[in-house]
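Summary of the model geometry
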Amino acid sequence: MNREQGLQRIGEVKIIAIVRGVEEQHIVGVAEALLAGGIPVMEITMNTPGALRMIGKLQEQFGDRMYIGAGTVLDLDDARQALDAGASYLVTPNMEEEVISYAVRSDVPIFPGAMTPTEIVKAWKAGATAVKIFPGSSLGMGYIKELMGPLNHIPMMAVGGVNEDNIVEFIKIGCYGVGIGGSLVNLKEIAAGNYGWIQEKASRLTARLRG
């Protein structure tokens, strides 16, 4: 998918699947399960062994149907390696203006992590596509809702603590989208080859949003 197609899919589906710690032998099965369950957007975190190879493999096999990015991009070196491997977008846990500027120059969407209002505004002014509120599970939905009062012009993503029971509420309060990791990309089920579990979970999440 190109940049415009990918951003359109995020806007439609509202979910980025966060893939962390998945063994390379399982990555194709995970991608197929997510896609079949209605989630065509996924990020491979850079602290996953073999992340760069997996990004390249996914782009080769699913690049026309899925929007594949790199997560846990900590610095400029990570960003360069991720884009060289074929990542279509970048996600960071921290607010590193150098990384944001690099993504902007490369015409690649970037979703930097930020916690405080100061960090959020700086990330937005630096060129963030949307700002990931992190750590979301600790800060909570109420915190994000309060931020959207004075900062409602900045698209924000909720990452951490999002599940079937509250995903609709996160979108209703105005979140640009959500990132979902372990509760969707379950390592135990993946290790057992139970990709159907992931497909079913993805289907339930997307059904909640459609409903």
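Reference entry: report on the structure contained in this document. (Residues numbered from 1 in each chain as written. Predicted model: local features only at pLDDT ≥ 70, side-chain atom pairs only at ≥ 80, totals over all residues. Heavy atoms only, no water.)

Looking now at a negative patch on the surface. A contiguous patch of negative charge on the surface is contributed by D75, D77, E96, E97 and E98. Among the structural elements, E97 can be located in helix 5 (residues 97-105). (Patch = residues over 30% accessible without salt bridge, like charges linked within 9 Å, V, L, I, M, F, W, Y side chains within 5 Å. Areas by Shrake-Rupley, 256 points an atom, 1.4 Å probe, with all protein chains shown as cover. Salt bridge = Lys/Arg side-chain N within 4 Å of Asp/Glu carboxyl O. Lys, Arg positive; Asp, Glu negative; His and termini not counted. Charge placed at Lys NZ, Arg CZ, Asp CG, Glu CD. Helix = DSSP H or I, 4+ residues; strand = E, 2+ residues; numbered from the N terminus.)

The next point concerns the packing of aromatic side chains. Enumeration over the complete set of coordinates arrives at three aromatic pairs. Ring geometry for Y89 against F111: centres 5.9 Å apart, planes inclined by 85°, an arrangement best described as edge-to-face. With Y89 in the loop between helix 4 (76-85) and strand 4 (90-91) and F111 in strand 5 (residues 110-111), the pair connects residues that are 22 residues apart, well separated along the chain. Overall, Y89 belongs to the buried group, its relative accessible area being 0%. An aromatic cluster of three or more residues is present, and its members are Y67, Y89, F111 and Y176. (Phe/Tyr/Trp six-rings, centres within 6.5 Å; stacked < 30°, edge-to-face > 60°. Buried < 20%, exposed > 50% of the residue type's maximum accessible area, 1.4 Å probe, protein only.)

Attention now moves to helix 1 (residues 3-13). Those residues of helix 1 lying buried are G6, L7, I10 and V13. Buried residues of helix 1, viewed axially, fall in a sector of 140°; they line one side. At its buried positions, helix 1 is contacted by strand 1 (15-19), strand 2 (41-45), strand 3 (67-71), strand 5 and helix 10 (195-210). By the N-cap criterion, in which a side-chain oxygen at the helix start approaches the backbone nitrogen of a residue two or three places on, helix 1 is capped by N2, the distance to E4 being 3.2 Å. Immediately downstream of helix 1, the backbone of K14 shows phi near 70°, a positive value. (Arc of directions from axis to C-beta. Contact = heavy atoms within 4.5 Å. Polar contact = N/O pair within 3.5 Å; in protein donor to acceptor, adjacent residues only side chain to side chain.)

Our next topic: helix 5. Since there are 3.6 residues in each turn of an α-helix, residues three or four apart along the chain are aligned in direction. Taken together, the buried positions of helix 5 are occupied by V99, I100, Y102 and A103. Around the axis of helix 5, the buried residues are gathered within 160° of arc, so they sit on the same side. Where helix 5 is buried, its residues touch helix 4, strand 4, strand 5 and helix 6 (117-126). D107 sits one or two residues past helix 5 and shows a positive phi near 60°.

The next thing to look at is the environment of S183. Inspection of the secondary structure assignment puts S183 in the loop between strand 9 (177-180) and helix 9 (187-191). Distance in space between the C-alpha atoms of S183 and A123 is 28 Å, their sequence separation being 60 residues. Not counting chain neighbours up to four residues away, the residues in contact with S183 comprise V162, W197 and K201.

Bringing the pairing of strand 9 into the picture now. Side-chain alternation along strand 9 places G177 and G179 on one buried face and V178 and I180 on a second face that is also buried. In this sheet, strand 9 lies alongside strand 1 in parallel orientation, the contact comprising three bridges. Bridged to I15 within strand 9 is V178. Inspection of the sheet shows strand 8 (residues 156-159) paired to strand 9 by three bridges, in the parallel sense. Its bridge partner being in strand 9, V159 is matched across the sheet by G179. (Pairing = 2+ DSSP bridges.)

Attention shifts here to the pattern of salt bridges. Two side chains of opposite charge can pair, provided their charged atoms sit close to one another. Applying the stated criterion across every chain, the model contains eight salt bridges. Residue E24 pairs with K57 through a salt bridge whose shortest N-O separation is 4.0 Å. Here E24, found in the loop between strand 1 and helix 2 (27-36), pairs with K57, found in helix 3 (residues 51-62); they are 33 residues apart in sequence, far enough to count as distant. With relative accessibility at 28%, the residue K57 sits in the partly exposed group. One salt-bridge network, in which partners are shared between bridges, spans E164, E200, K201 and R204.

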